[in-house]
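# Breakdown of the fold
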Amino acid sequence: MTASIRRSLSVDLGGLPIATPVMIAAGCAGTGKELGGLVETRRVGAVVTRTITVEPRQGSAPPRIVETPSGIVWSTGLQNPGVDVFLLTELPEWTKGPPVIVSIGGGSLEEYVRLTGALQGRAGIAGIEVHLSGPDEEMQRPVLGAHVDRVTEIVGAVARMSLVPVLAKIPGGVDVVPLAIAAARAGATCLTLTDSPPALAIDLAATRPALGGPTGWLAGPAVKPLTLRAVADVARALPRMPLVASGGVRTSTDAVEALLAGASAVQIGTATLLDPVAPVTIAHGIAAELQRRGLPSPSHLRGAVAPIPVIASEGTHT
Amino acid sequence: MKRARAEILSTRRLGAYQSLTLVAPEIAERARPGQFVAAAMPEDRNFLLRRHLTIHQSSRRGGWAGTLEFVVEPGAGPGTTWLSELRAHGSIDIIGPLGKAFSYPKRLTNCLLVGHGRSVAGLYFLGQELVARGKRVDMVIGGSTMDTVFKPIEAKRLSQLVTVVTDDGTLGERGSVVDALPEAVARGGAQVVYAAGAPALLRAVAALCRDRKLPAQVAVEERMGCGYGLCGTCAVPLAFKDGSGWDHARACVDGPVFNPARVLWDRWPAAATDRLSAEEPAHVVADDPRAGTETRP
């Protein structure tokens, strides 16, 4: 039973085959060694590492998480040991599990180039996901990937250098379609839609922001409709581009909706924190839905929803 | 670490708190003082994160073998309110035991246990294990008012010298546990200090122990996302052992018990406030069945 489900659930993300269309999102799988005790990792489609930078980062001051209605506002400040230590101590742990996609982040083109170079040819890396939501130190902009020029430049450089598939993670809370088109033209083999949108939570008693870090990000079921919209808009603009829905997928129903909107796979973030087995139960739920509809694979759900009205990306709110 | 759908054996009011006893043999037999469980919230609500409950006691032997008890503060937040309203024979999804436990002194004998409010609950499990190892246990416990001092009678039963303080003087001395610390250390000849609670309290304990060169262990409370090391949000600024620098440790897997001498309190904003109580996540407490006078099936 399990074997037949895994076979029927496999999808291809632009040259990156995964056994189920359910991945664990960046920053939600610890340092690679925690997950093994919590879930049968071989039944997870793929796992994205926490975002790795060139230099070590200590990350944001606590508190780093606060609950908001049907969501969380979080900020880790990309805490990570830097790429050198990552390759030495963390990557061997990650590669014991499902296919590993390494998330890379930086504030300058040079940093992305150095990171891609450092990962090049390393055994066990199935793909690279380009985190684009941090500040742009070269251009002095708050969100590096919110601009077509920089998406083109950085995704282009990573894609030209990389020997493995490159997923571009488009920032949330912005007009995603032009950025998605730019990333696709620059050579990304797959797009992750979207990163968490920036958000603010306030500690009323202390009369200050509830988080210690400068920017909070909204995640959890609260953002699901935003994700579905982004996926549908990009799927229409780039019908052949594999898309991964990320943001607010908690149940298999959410996942099926994301596939119907045009995604080839989903990433599970907050839901993995609530229930470490969620990536496996969601995959089972997708299999049950395929069986119910008599479809052979998740790709047959892709974009099967009735035509979605054109709205935001054209800038005319109706 | 085990996951269990644990039946609620009993739930009862204890002063300002609600105490829940769960049947979870696989977790109870592994649990050690200072550890916690992560309790799932119902799926149909708008609060999502698991609540992290310090184990007050886990009963491995006797009539209550296989049970865990923890204590929540009704009204502290939606999650603890939901937990406090659960009824016996219901069940909740818990993962545990989680985190690093307190360790016991090998040679030193005089132990002082310090806590405020709900955080005190976790110290009884520790106190019993210390007494069982032939250690002398003294306690300094406090609360804002009489109702919020957790089990003062049980504290007297467990320890040699108990100092009770309340902010308003309704029970014991008026003041804070921090004010009462120097005298308690002197009277009991404390050689090791254990503390649990909010960063501001632990910072004061750390300063006192540093001045008097007393070894100490503190169980921190910091907001957690998952409780098992996945999300990296429960950050505690910690110096490297070799003193070469620092990084944020995770309270859930690197702690919650830390050596306070290595915690960089100046880099921890919550330690700069004067709040001695944490909000949610709540602390779990397991109860001593011998002291149980309430209705248990």
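My aim in this report is to walk through the structure given alongside it, one point at a time.

Cut-offs used in this document
Residues numbered from 1 in each chain as written. Chains lettered and ligands numbered in written order. Predicted model: local features only at pLDDT ≥ 70, side-chain atom pairs only at ≥ 80, totals over all residues. Heavy atoms only, no water. Contact = heavy atoms within 4.5 Å. Buried area = accessible area lost by both parts, 1.4 Å probe. Salt bridge = Lys/Arg side-chain N within 4 Å of Asp/Glu carboxyl O. Helix = DSSP H or I, 4+ residues; strand = E, 2+ residues; numbered from the N terminus. Expected span 1.5 Å × (residues − 1). Buried < 20%, exposed > 50% of the residue type's maximum accessible area, 1.4 Å probe, protein only. Arc of directions from axis to C-beta. Pairing = 2+ DSSP bridges.

### Overview of the interface of chain B and chain A
Contact residues are listed per partner, giving 30 residues for chain B and 38 residues for chain A. Buried area between chain B and chain A, summed over both chains or domains, comes out near 2800 Å², and the portion from carbon and sulfur atoms is 57%. Taken as a group, Leu48(B), Leu230(B) and His248(B) account for 26% of the area that chain B buries against chain A, more than any other trio of residues on that side. On inspection of chain B and its partner chain A, the count reaches three salt bridges. Residue Arg51(B) pairs with Glu67(A) through a salt bridge whose shortest N-O separation is 2.7 Å.

### Notes on helix α2 (residues 83-94) of chain A
Residue and element names in this part refer to chain A. Between its first and last C-alpha, α2 extends only 14 Å over twelve residues, short of the 16 Å set by a 1.5 Å rise per residue. What α2 keeps buried is the set Val83, Phe86, Leu87, Glu90, Leu91 and Trp94. Seen from one end, α2 has its buried residues packed into an arc of 135°, which puts them on one side. Across from the buried face of α2, at angles greater than 90 degrees, the exposed residues are Asp84 and Leu88. Structurally, α2 contributes buried residues whose contacts are with β4 (46-48), β7 (100-104), α3 (109-119) and β8 (125-131).

### Looking at the pairing of strand β6 (residues 71-74) of chain A
Residue and element names in this part refer to chain A. Pairing between strand β5 (residues 65-68) and β6: four bridges, direction antiparallel. By the bridge assignment for β6, valine 66 is matched with valine 73. Where β5 folds back on β6, the antiparallel hairpin that results is connected by two residues, among which serine 70 adopts a positive phi of roughly 55°.

### Topic: unusual backbone geometry
Put simply, Leu193(A) and Thr194(A) share a cis peptide bond, and its omega is -10°. Residue placement: Thr194(A) occurs in the loop between β10 (190-193) and β11 (198-199). Going from Gly255(B) to Pro256(B), the amide bond is cis rather than trans, its omega being 10°. For Pro256(B), the location among the structural elements is in the loop between β15 (246-250) and β16 (257-258). Not every positive phi belongs to a glycine, and Gln140(A) is a case in point at roughly 55°. By relative accessible area, which is 66% here, Gln140(A) ends up exposed.

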